[in-house]
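Listed below, chain by chain, are the residues.
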Amino acid sequence: MPKLALRVICLTLSYTERMQNLLTVRLSATESQSLDWMCEISGKSRSEVVRESLRSHRLSQSLRQSQALLAPIARSAGWLTEDELLSEIDR
């Protein structure tokens, strides 16, 4: 049975001034290529793209948590969709 070769890239982010923490992330070759592509099309460094992705993920998680907390309250108030909620606000 042939063995699968997995190439792993080690990404080390280092920061100066405000950024005092160092993070090392192991990426597969595919993930590394994706990151490089994102850097190329955005004109940003690997560090900037990773920080933006982290902020975006954190925001997404916060929104999901808020939705999980507020959805039952909204349903009990009779709001089943965002449109219903927005129509109430517009009044």
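Definitions and limits used
Residues numbered from 1 in each chain as written. Predicted model: local features only at pLDDT ≥ 70, side-chain atom pairs only at ≥ 80, totals over all residues. Heavy atoms only, no water. Helix = DSSP H or I, 4+ residues; strand = E, 2+ residues; numbered from the N terminus. Buried < 20%, exposed > 50% of the residue type's maximum accessible area, 1.4 Å probe, protein only. Contact = heavy atoms within 4.5 Å. Areas by Shrake-Rupley, 256 points an atom, 1.4 Å probe, with all protein chains shown as cover. Expected span 1.5 Å × (residues − 1). Arc of directions from axis to C-beta. Salt bridge = Lys/Arg side-chain N within 4 Å of Asp/Glu carboxyl O. Axes fitted to C-alpha atoms, helices over the stretch in contact; angles between N-to-C directions. Parallel < 35°, antiparallel > 145°, perpendicular 65-115°, else oblique. Nonpolar A, V, L, I, M, F, W, Y, C, P; charged D, E, K, R; others polar.

### Quick word on the overall build of the protein
Now for step 1: Along the backbone of the protein there are three helices and two strands.
Now for step 2: Start at the N end of the protein and walk to the C end: the helices and strands fall as β-β-α-α-α.
Now for step 3: Looking at the 91 residues of the protein, the share that counts as buried comes to 11%.
Now for step 4: A separation of at least 24 residues holds for 16% of the contacts in the protein among residues at least 6 apart in sequence.
Now for step 5: For the protein, the computed accessible surface area is about 8,100 Å², with 56% contributed by carbon and sulfur atoms.

### Re helix α1 (residues 29-42)
Now for step 1: Along its 14 residues, α1 runs 20 Å from first to last C-alpha, staying within 8% of the 20 Å computed at 1.5 Å per residue.
Now for step 2: Taken residue by residue, α1 has A29, S32, L35 and C39 as its buried positions. Taken around the axis of α1, the buried residues stretch over an arc of 125 degrees, which confines them to a single face. Summarising the geometry of α1, the exposed residues directed more than 90 degrees from the buried face are T30, Q33, W37 and I41.

### Details of the pattern of salt bridges
Now for step 1: For the structure shown, the criterion picks out two salt bridges.
Now for step 2: Of the charged contacts in the structure, one is a salt bridge between D36 and R46, with a shortest N-O distance of 2.9 Å. Of this pair, D36 sits in helix α1 while R46 sits in helix α2 (residues 46-76), and the two are 10 residues apart along the sequence.
Now for step 3: For E52, the salt bridge identified is with K44, shortest N-O distance 2.3 Å.
Now for step 4: Classification of E52 as partly exposed rests on a relative accessible area of 36%.
Now for step 5: On the accessibility criterion, K44 (30% relative accessible area) is partly exposed.

### Some remarks on the packing of α1 against α2
Now for step 1: Taken N-terminus to C-terminus, the directions of α1 and α2 make an angle of 100 degrees; their axes are 9 Å apart at the nearest point. As judged from the angle between their axes, α1 and α2 are roughly perpendicular. Residues S32, L35, D36, M38, C39 and S42 of α1 lie in contact with α2, whose contacting residues are R46, V49, V50 and S53.
Now for step 2: Its residues assigned to classes, the contact of α1 with α2 comprises five nonpolar, three polar and two charged.

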